[in-house]
Amino acid sequence: MITISINGELRQFPQSISVMAFIEVMGYSGKRVALERNGEIVPRSTFDTAQLNDGDKLEIVVAVGGG
Amino acid sequence: MNDKLIIAGKSYSSRLLVGTGKYKDFTETRTALDASGAEIVTVAIRRVNLGQNANEPNLLDTVPPSQFTYLPNTAGCYTADDAVRTLRLARELLDGHSLVKLEVLGDPQSLYPNVIETIAAARTLVADGFQVMVYTSDDPIIATQLEDIGCVAIMPLASLIGSGMGILNPWNLQLIMDRVSVPVIVDAGVGTASDAAIAMELGCDGVLMNTAIAGAQNPVLMASAMKQAVEAGRSAFLAGRMPKKLYSASPSSPTAGIIASTRN
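Rules of the game
- Residues numbered from 1 in each chain as written.
- Chains lettered and ligands numbered in written order.
- Predicted model: local features only at pLDDT ≥ 70, side-chain atom pairs only at ≥ 80, totals over all residues.
- Heavy atoms only, no water.
- Phe/Tyr/Trp six-rings, centres within 6.5 Å; stacked < 30°, edge-to-face > 60°.
- Buried < 20%, exposed > 50% of the residue type's maximum accessible area, 1.4 Å probe, protein only.
- Lys NZ or Arg CZ within 6 Å of the ring centre and 35° of its normal.
- Contact = heavy atoms within 4.5 Å.
- Buried area = accessible area lost by both parts, 1.4 Å probe.
- Salt bridge = Lys/Arg side-chain N within 4 Å of Asp/Glu carboxyl O.
- Polar contact = N/O pair within 3.5 Å; in protein donor to acceptor, adjacent residues only side chain to side chain.
- Helix = DSSP H or I, 4+ residues; strand = E, 2+ residues; numbered from the N terminus.

## Considerations on the packing of aromatic side chains
Going through the model one piece at a time under the given rule, you end up with one aromatic pair over all chains. With centroids separated by 5.7 Å and ring planes inclined at 70 degrees, the aromatic side chains of A:F13 and A:F22 adopt a geometry described as edge-to-face. For A:F13, a relative accessible area of 7% puts it in the buried group. The ring of B:Y135 carries the charged tip of B:K101 above its face, separated from the ring centre by 5.6 Å.

## Some remarks on the interface of chain A and chain B
Frequently, the measure chosen for interface size is the accessible area removed from exposure when the parts meet. With 28 residues of chain A at the contact, the number on the chain B side is 27 residues. Of all residues in chain A, A:R32, A:A63 and A:G67 bury the most surface against chain B, accounting for 25% of the area lost on that side. Counting across the interface, chain A meets chain B through four salt bridges. The residue A:E36 makes a salt bridge to B:R85 at a minimum N-O spacing of 2.5 Å. One can count 16 residue pairs in polar contact (both at pLDDT 80 or more) joining chain A with chain B.

## So, the pattern of salt bridges
A complete count under the given rule lists 15 salt bridges over all chains for this structure. Between A:R11 and A:E9 there is a salt bridge, and its shortest N-O distance comes to 3.4 Å. A:E9 sits in the partly exposed class, given a relative accessible area of 39%. Residues participating in the shared-partner salt-bridge network are A:R32, A:R44 and B:D95.

## Structural notes on the side chain of B:S137
Within the secondary structure layout, B:S137 lies in the loop between β7 (131-136) and α5 (140-149). With residues near it in sequence (within four places) discarded, B:S137 still touches B:Y112, B:P113, B:V115, B:P156, B:L157 and B:I176.

The structure is reproduced here in structure tokens:
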């Protein structure tokens, strides 16, 4: 079991998963989102190879209306 | 007339830049944007709402980046580090898009910019390849420093964000324009059409606003008013106004050939 912080909320996953699988589980596949892990950008091109580990802190963002 | 606004080598026909926040819904956002004629639109970068249905409509569907130049902002950031991280996320989100609006705030009540953090963030972002349009105070010395760092537009406030107080210090805007060669765009404080026209008559290269449109009773009509005000103000600036004088001894009609008085 691994615990990951996603936008400040703790979530548990059975084992280490790829970013790609994680995006799918969260329902964001095909959506325009950007992801930062522990303060560093995870480029979309590396989603299938990058693995999430216990204790990772993720920020997932979208564009919203703003001035 | 070929009078384009050129930012970082790209030319734009509209000198009105608008925000996409505070509208009733996406339909109103889009209708107001169209009425404003704006080509550059600011967007915010925010955490996805984890509980929310991922299929809900989103801004990118209504305001497609293929039709507008996105200007992702750092609204809500109070440190250089947060602003830089936000814009790196924005660049990833928008497929390498590098034109951004940097704003680092100093105080949640006034939303006045923290220029020390702004300068630090600008340095990092420029070194990282971003084209930085920077929101700042109307301090001419800070403005020149931001230009020296490599910012592609200087965007001083006219008055506080969301205040609608208009152009409080035209003299400082003038000092900035006299010293800076990149575009100077008034960002924040415009309340109504005349404020936008005044900014343009002063010689500003553009005006950026959000609340003045979204906060109007009829945002779409106000968007159209702002478009006309920016165009009118720009034309008046280019035309060159007559000098002000308390009285003129020179009426507009001929002084000769006036019919005789019958009074005596």
